[in-house]
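Results of the structural survey
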Amino acid sequence: MKTREVDRNLSYNYLKKAEEFYETMKDALNNKRWNAAASNAIHTGISSADSVAVFIKGLRSSSEKHEDVEKILRELDLDKKELNDKLVQIKDLLGMKNSVEYEEKLVNENTALNASKSAERLLRWAKEKLKK
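Presented here is a report on the structure given in the accompanying data block. (Residues numbered from 1 in each chain as written. Predicted model: local features only at pLDDT ≥ 70, side-chain atom pairs only at ≥ 80, totals over all residues. Heavy atoms only, no water.)

Regarding the overall build of the chain
Each helix and strand in the chain was counted, giving five helices and two strands. Starting at the N terminus and walking to the C terminus, you meet the elements of the chain as β-α-α-β-α-α-α. Seen along its three principal axes, the alpha-carbon backbone of the chain occupies a region of about 35 × 30 × 25 Å. Here the chain, with 132 residues, has 47% of them falling under the buried criterion. When contacts within the chain are restricted to residue pairs at least 6 apart in sequence, long-range pairs at least 24 apart make up 74% of them. For the chain, the exposed area adds up to about 7500 Å²; of that, 45% sits on carbon and sulfur atoms. (Helix = DSSP H or I, 4+ residues; strand = E, 2+ residues; numbered from the N terminus. Buried < 20%, exposed > 50% of the residue type's maximum accessible area, 1.4 Å probe, protein only. Contact = heavy atoms within 4.5 Å. Areas by Shrake-Rupley, 256 points an atom, 1.4 Å probe, with all protein chains shown as cover.)

Re the packing of aromatic side chains
By the definition in use, this model includes one aromatic pair. With a centroid separation of 6.2 Å and an interplanar angle of 80°, the aromatic rings of Y12 and F55 are classed as edge-to-face. Of the two residues, Y12 sits in helix α1 (residues 11–30) while F55 sits in helix α2 (residues 34–57), which places them 43 residues apart along the sequence. Y12 sits in the partly exposed class, given a relative accessible area of 39%. For F55, a relative accessible area of 21% translates into the label partly exposed. (Phe/Tyr/Trp six-rings, centres within 6.5 Å; stacked < 30°, edge-to-face > 60°.)

Structural notes on the packing of α2 against helix α5 (residues 109–131)
As a packed pair, α2 and α5 sit with axes 8 Å apart at the nearest point and diverge in direction by 20°. Our classification of the angle between α2 and α5 gives roughly parallel. Seen from above, α2 lies across α5 with left-handed handedness. In this structure, α2 contributes W34, A37, A38, A41, T44, G45, S48, A49, S51, V52 and F55 to the contact, and α5 contributes E109, A112, A115, S116, A119, L122, L123, W125, A126, K129 and L130. Partitioned by chemical class, the residues of the contact of α2 with α5 number 15 nonpolar, five polar and two charged. (Axes fitted to C-alpha atoms, helices over the stretch in contact; angles between N-to-C directions. Parallel < 35°, antiparallel > 145°, perpendicular 65-115°, else oblique. Left-handed = near helix turned anticlockwise from the far one by under 90°. Nonpolar A, V, L, I, M, F, W, Y, C, P; charged D, E, K, R; others polar.)

Quick notes on the pattern of salt bridges
Overall, the coordinates contain 10 salt bridges when judged by the stated rule. One salt bridge in this structure joins K26 and E23, with 3.8 Å as the shortest N-O distance. Placement of both K26 and E23 in helix α1 is noted, with a separation of three residues, approximately one turn of the helix. The closest approach of N and O atoms between K81 and D85, which form a salt bridge, is 3.0 Å. Pair noted here: K81 and D85 are both in helix α4 (residues 80–102), with a separation of four residues, about one helical turn. For K81, a relative accessible area of 55% puts it in the exposed group. When its relative accessible area of 32% is taken as the criterion, D85 is described as partly exposed. (Salt bridge = Lys/Arg side-chain N within 4 Å of Asp/Glu carboxyl O.)

Describing the nonpolar core
Counting 37 residues, the largest nonpolar core has M25, L73, I90 and L93 as the members making the most contacts within it. With nine residues, the single largest contributor to this core is α2. Contact partners of L73, with chain neighbours within four places excluded, come to A49, L78, L83, L87, I90 and W125. (Core = buried A, V, L, I, M, F, W, Y, C linked by side-chain atoms within 4.5 Å.)

Following this line, the structure appears as structure tokens:
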């Protein structure tokens, strides 16, 4: 897995990105733009996880495979239950990334809503972690 060192102070930049993706996701949900909502949910989750990894370890994945964010989360010395919860949420989002962003199939409301729940949980978690 390729990683790169990032100044820990820049964790707040990743959090800002996550917040912006989240706000765009909410707007898309309100306007029934399910594809945009799901895509922004995915990027909310990735940026949230990146913010925590940078904050705690000063590194993030530089791999082309977004799944490597899971490996970084495993290296953060988190409580086992907390880690498992976050892994489920990020896996949910990453599991739909290719379909949502690159395939011809359209996202339905249920998928967008499920993605938004995982994204919201990851963003809330990142905000809590970066408060400390």
